[in-house]
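# A structural walkthrough
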Amino acid sequence: MQTRFLPYLLTLPSLFLAAVVIFWPVWDLIQISTHDVSRFGQLRDFSGLTNFWALTADADFTAALWRTGLWTVLVVGGALLLSIPVAIILNTDFYGRGIARVIIMLPWAVSLTMTAVVWRWALNGESGMLNSALLGLGLIDQNIQWLASAETAFPMQVLIGILVTVPFTTTIFLGGLSSIPDDFYEAAALEGATPLQQFREITFPLLKPFINIAIVLNTIYVFNSFPIIWVMTQGGPANSTDILVTHLYKLAFRIGKLGEASAVSLVMFAILLVFTMIYVRLAMREQRA
Amino acid sequence: MSLRKWTVGLMAGMSMLMLAAQANAGEVRVTVAEYSAKTGPYFESVKKDFEAANPGITVKFEIVPWEVLLQKLTTDITASTNADLSIIGTRWLIDFVQQDVAEPLDSYITPEFKDRFIDTFLSPSIMEGKTYGLPIAASARAMYYNKELFEKAGIANPPANWTELQEDARKIKALGSGTFGFGLQGKEIETDVYYYYAMWSYGTEILNKDGTSGLSTPGALEAAKLYKSMIDEGLTEPGVTSNNREDVQNLFKQGKVGMMITAPFLSNQIKDEAPNLKYGVAAIPTGPTGARGTYGVTDSIIMFKNSKNKDEAWKLLDFLFTTEQRAKFTQGEGFLPVNKEEAKMDYYVNNADLAAFTALLPDARFAPVIPGWEEIAQITSDAMQKIYLGSAEPEAALKEAAAKANGVLKK
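Residues numbered from 1 in each chain as written. Chains lettered and ligands numbered in written order. Predicted model: local features only at pLDDT ≥ 70, side-chain atom pairs only at ≥ 80, totals over all residues. Heavy atoms only, no water.

Chain B carries the name Sugar ABC transporter substrate-binding protein in an unreviewed UniProt entry, which gives Mesorhizobium waimense as its organism. Under the Sequence similarities (unreviewed entry) heading, UniProt states for chain B: "Belongs to the bacterial solute-binding protein 1 family." (UniProt positions renumbered as here; feature names shortened; annotations may be inferred.)

By the naming in an unreviewed UniProt entry, chain A goes by Sugar ABC transporter permease and is assigned to Mesorhizobium waimense. Entered under Sequence similarities (unreviewed entry) in the UniProt record, the comment concerning chain A runs "Belongs to the binding-protein-dependent transport system permease family." Comment text from UniProt for chain A, heading Subcellular location (unreviewed entry), reads "Cell membrane".

## Some thoughts on empty space enclosed by the protein
All names here are of chain B. Per the counting criterion, the structure on display carries one cavity of 30 Å³ or more. Volume-wise, the largest cavity comes out at about 50 Å³. Lining the largest cavity, in full, are Ile-379, Asp-382, Ala-383, Lys-386, Ala-397, Glu-400, Ala-401 and Lys-404. Put simply, the parts of the chain that give the lining of the largest cavity at least two residues each are helix H18 (373-389) and helix H19 (394-410). Here the residues of the lining of the largest cavity are counted per class, giving four nonpolar, no polar and four charged. (1 Å grid on protein atoms, 1.4 Å probe; cavity = no way out; pocket = protein on both sides within 12 Å on 5 of 7 lines; lining within 4 Å. Points joined across faces, edges and corners; volume = space filled by probe spheres on them. Helix = DSSP H or I, 4+ residues; strand = E, 2+ residues; numbered from the N terminus. Nonpolar A, V, L, I, M, F, W, Y, C, P; charged D, E, K, R; others polar.)

## Let's talk about the interface of chain B and chain A
Between chain B and chain A, the residue contacts involve 32 residues of the former and 26 residues of the latter. Carbon and sulfur atoms make up 51% of the area that chain B and chain A hide from each other, which totals about 2,600 Å². Taken as a group, B:Thr74, B:Gln99 and B:Gln378 account for 19% of the area that chain B buries against chain A, more than any other trio of residues on that side. At the boundary of chain B with chain A, the tally comes to four salt bridges. Where A:Arg120 meets B:Glu188, a salt bridge forms, and the shortest distance between an N and an O atom there is 2.9 Å. Counting residues per element, the ones that place at least two in the side of chain B that touches chain A are helix H3 (66-78), helix H4 (93-98), helix H11 (245-253) and H18 of chain B. (Contact = heavy atoms within 4.5 Å. Buried area = accessible area lost by both parts, 1.4 Å probe. Salt bridge = Lys/Arg side-chain N within 4 Å of Asp/Glu carboxyl O.)

## Description of the sheet that holds strand S7 (residues 142-146) of chain B
All names here are of chain B. Read from one edge of the open sheet, four strands run S8-S9-S7-S10, paired in mixed fashion. Since the sheet does not close on itself, it has two edges, and those belong to strand S8 (180-182) and strand S10 (279-282), each with one partner. Averaged over neighbouring strand pairs, the angle between their axes works out to 25° when direction is ignored. Across four bridges, S7 lies against strand S9 (residues 257-262) in antiparallel orientation. Considered in S9, the bridge of Met-143 is made with Ile-261. The sheet contacts of helix H17 (residues 352-360) involve S7, S9 and S10, and relative to S10 the element is tilted by about 15°. (Pairing = 2+ DSSP bridges. Axes fitted to C-alpha atoms, helices over the stretch in contact; angles between N-to-C directions.)

## Examining the domain arrangement of chain B
All names here are of chain B. Under the domain assignment used here, chain B contains domain 1 (26-139 + 296-366) and domain 2 (142-295 + 369-409). Placing the centre of domain 1 and that of domain 2 at their C-alpha centroids yields a distance of 29 Å. Of the residues lining the interface, 25 residues belong to domain 1; the matching set on domain 2 comes to 27 residues. Taken together, the two surfaces of domain 1 and domain 2 that pack against each other cover about 2,100 Å², and 59% of this comes from carbon and sulfur. If you look at where domain 1 meets domain 2, you find four salt bridges. The residue Lys-38 makes a salt bridge to Asp-272 at a minimum N-O spacing of 3.7 Å. Between domain 1 and domain 2 we count 12 residue pairs in polar contact (both at pLDDT 80 or more) in total. Put simply, the parts of the chain that give the side of domain 1 that touches domain 2 at least two residues each are H4, strand S11 (294-303), helix H14 (323-333), H17 and strand S12 (364-366). Sorting elements by how many residues they give to the side of domain 1 that touches domain 2 places H17 first, with five residues. Of the residues assigned to the side of domain 1 that touches domain 2, the class counts are 12 nonpolar, six polar and seven charged. (Domains from an automatic or database assignment. Polar contact = N/O pair within 3.5 Å; in protein donor to acceptor, adjacent residues only side chain to side chain.)

## Section: the packing of aromatic side chains
If you walk through the whole model with that rule in mind, you get 41 aromatic pairs over all chains. Three or more aromatic residues joined by ring pairs form one cluster here, namely B:Tyr35, B:Tyr42, B:Phe43, B:Phe61, B:Trp66, B:Trp92, B:Phe329 and B:Phe335. Residue placement shows A:Arg4 over the ring face of A:Phe5; its charged tip is 5.9 Å from the ring centre. A:Arg39 extends its terminal NZ or CZ atom over the ring of A:Phe40, reaching a point 5.7 Å from the ring centre. (Phe/Tyr/Trp six-rings, centres within 6.5 Å; stacked < 30°, edge-to-face > 60°. Lys NZ or Arg CZ within 6 Å of the ring centre and 35° of its normal.)

## Remarks on the UniProt feature "domain: ABC transmembrane type-1" (unreviewed entry) in chain A
What UniProt calls "domain: ABC transmembrane type-1" (unreviewed entry) maps, in this numbering, to residues 65-279 of chain A. End C-alpha to end C-alpha, residues 65-279 of chain A measures 20 Å, and it is 78% helix and 0% strand.

## Re the packing of H18(B) against H19(B)
Helix-helix packing: each pair is described by the crossing angle between the helix axes and the interaxial distance. Residue and element names in this part refer to chain B. Their axes nearest at 9 Å, the elements H18 and H19 cross at an angle of 170°. When the axes of H18 and H19 are compared, the pair comes out roughly antiparallel. Each of Glu-375, Ile-376, Ile-379, Ala-383, Met-384, Lys-386 and Ile-387 in H18 lies in contact with H19, whose residues at this interface are Pro-394, Ala-397, Leu-398, Glu-400, Ala-401, Lys-404, Ala-405, Val-408 and Leu-409. When grouped by side-chain class, the residues that make up the contact of H18 with H19 number 12 nonpolar, no polar and four charged. (Parallel < 35°, antiparallel > 145°, perpendicular 65-115°, else oblique.)

## Remarks on the UniProt feature "transmembrane region" (unreviewed entry) in chain A
Residues and elements named next belong to chain A. Under the feature "transmembrane region" (unreviewed entry), the UniProt entry names residues 7-27, 70-90, 102-122, 156-177, 210-232 and 261-280. Measuring from the first to the last C-alpha atom of residues 102-122 gives 23 Å, for a span that is 90% helix and 0% strand. End-to-end, the C-alpha atoms of residues 210-232 are 32 Å apart, and along that stretch the chain is 87% helix and 0% strand.

## A closer look at the side chain of A:Ser33
Residues and elements named next belong to chain A. Following the sequence through the fold, Ser-33 ends up in helix H1 (residues 2-33). Judged by relative accessible area, Ser-33 falls into the buried class, the value being 0%. Sequence-distant contacts of Ser-33, defined by excluding residues within four places in its chain, comprise Gly-48, Asn-51, Phe-52, Gly-259, Ser-262, Ala-263 and Leu-266. (Buried < 20%, exposed > 50% of the residue type's maximum accessible area, 1.4 Å probe, protein only.)

## A closer look at the pairing of S11(B)
Residue and element names in this part refer to chain B. The buried count for S11 comes to 10 of 10 residues, which makes it a mostly enclosed element. What you see with S11 is no split at all: Thr-294, Gly-296, Thr-298, Ser-300 and Ile-302 on one side and Tyr-295, Val-297, Asp-299, Ile-301 and Met-303 on the other are buried throughout. Strand direction decides the pairing type here: strand S3 (residues 85-89) and S11, joined by five bridges, are antiparallel. Paired with Ser-86 across the strands is Ile-302, a residue of S11. By the bridge criterion, six bridges tie strand S6 (residues 133-139) to S11 in an arrangement that is antiparallel. Within the sheet, the bridge partner assigned to Ala-138 lies in S11 and is Thr-298.

And the structure:
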């Protein structure tokens, strides 16, 4: 009897602490989003779901919602596709592997905001490094105004998003690869399996749990990622590169609609929660099967 | 380390936290916007001089970049951890007054004190007959032009109206070699203001007389079409919507742009960064009827209602608005003098650049005193970006923006 309840009892303090840290802000957001709230966060009358209805009528919100989906899928997907081969290469033994690993990890060590600032300079239409390089190589004959419209700005932001997501993802995969015993490959090679077959039949299935973790964690990070888009375009021009976080920031701190901003926040929380639950459920069922 | 030592350390740490959280008697906390690299050192010297002259009062300046100032104030006020004094954009003041967080200063202001100010700059901080803020910084806009490019293109004088400006821009464009006639800002803060320069010349105001948005008037449309036609003709720098004010100013400093409209601080920057650039400052061009407008801006320093050290805070304000302190701050940052005595100093009287700005003051428009102004500015900027990009027709974009702005105004 005693031993059955003891583990729960022991985890109770940290469970309590976690609950305070997680639920208190969410409760606060629920309060703000369901009230008429002043410019400086003082709650006034209860307003029910008014703030949420206001969102559905806001075309910028719906556009930002879809763009957030696109942004998350492209960045997470791109980072995943890039990280698997990178991790496999870094896992093989070659001369200078240490240095190669450091180079891949380096973007991780630089703050996201700083990375975005440097890219903003590099993408400047008249004095940016990228245009000078492309002109010098003869690939273009006049400057491209990268950040002037969403058609060029958003793809660049996605590319930068992928670039900064690769180090973390690669680290997860390197951990996964090192857990696969070499014997498997030796046995497969003896049986005459090609490298592609080895990847399909050994590496990929055994890496799957790690891919799942990478997808869940990256989706959460990327979905909420603010600096890249904010620093480079502030979601502009004309809100055409806005994702939910940048839209929320403008709503809250520029226009002063704290109620609607809290509602956006809760919508984001709900989306991520549902995504994570469904994904984890699916991934676990697959593993059991 | 023994448990006992840990406990002592922890207790010491906690008591320090509590001390820090408690406002000390005689301490004045001030939130200050960082205008340039000179802001920090200036307030550092204020702290030293003021504390030496007023023993028993300590001053703490919290210097925040402009970009995040409103965010910091919003969160601080929500949590009631705001400072005693703060610099704010005067255009935000109405929100602070309506939410009852700003203290009226009239009980402190003596006639002598009030007489120090130039009325044009003090009046935006007065609401419903009460003075809620003091103009800590004042600025207006005028047109900078590159004399060397003008000479090369054979242009004698800066353009007096927009038609002349277009012709001059064509001549500068014809010089080739990566020079652009007119620098047009199309990104971030004040994208809307850059459009108002043209809009005011066509006789349209931000708000019509009946309090509705001016964006749906014919003048607003003419102005938008003017800028759009200049973009299409290649008279502006390429990629307008990727250039914020600093980007255009950088192009001007590099000698690539013939004309641009901006604030007096560009003169200071040119002095430091491009001392060989030959430039002049002229009035903003007029429209077909001779109308013109410049944007007047003040930032106010306000006292919070919940301040516990109001008398000490006032002493600091009194100190900040002495002629000597004003001159030091204004000249360092490149603002306009707000203080009558200060304006008489040689520095301002013999300064051709600044004279061009002060001459425009009778045409200055300040941001309208309405709640929700920031949202209307945002709506206008968004509409302009759509027009500049060509993703919406000027007429449709302005109509839509006017409807949105009227929705905000009705609230």
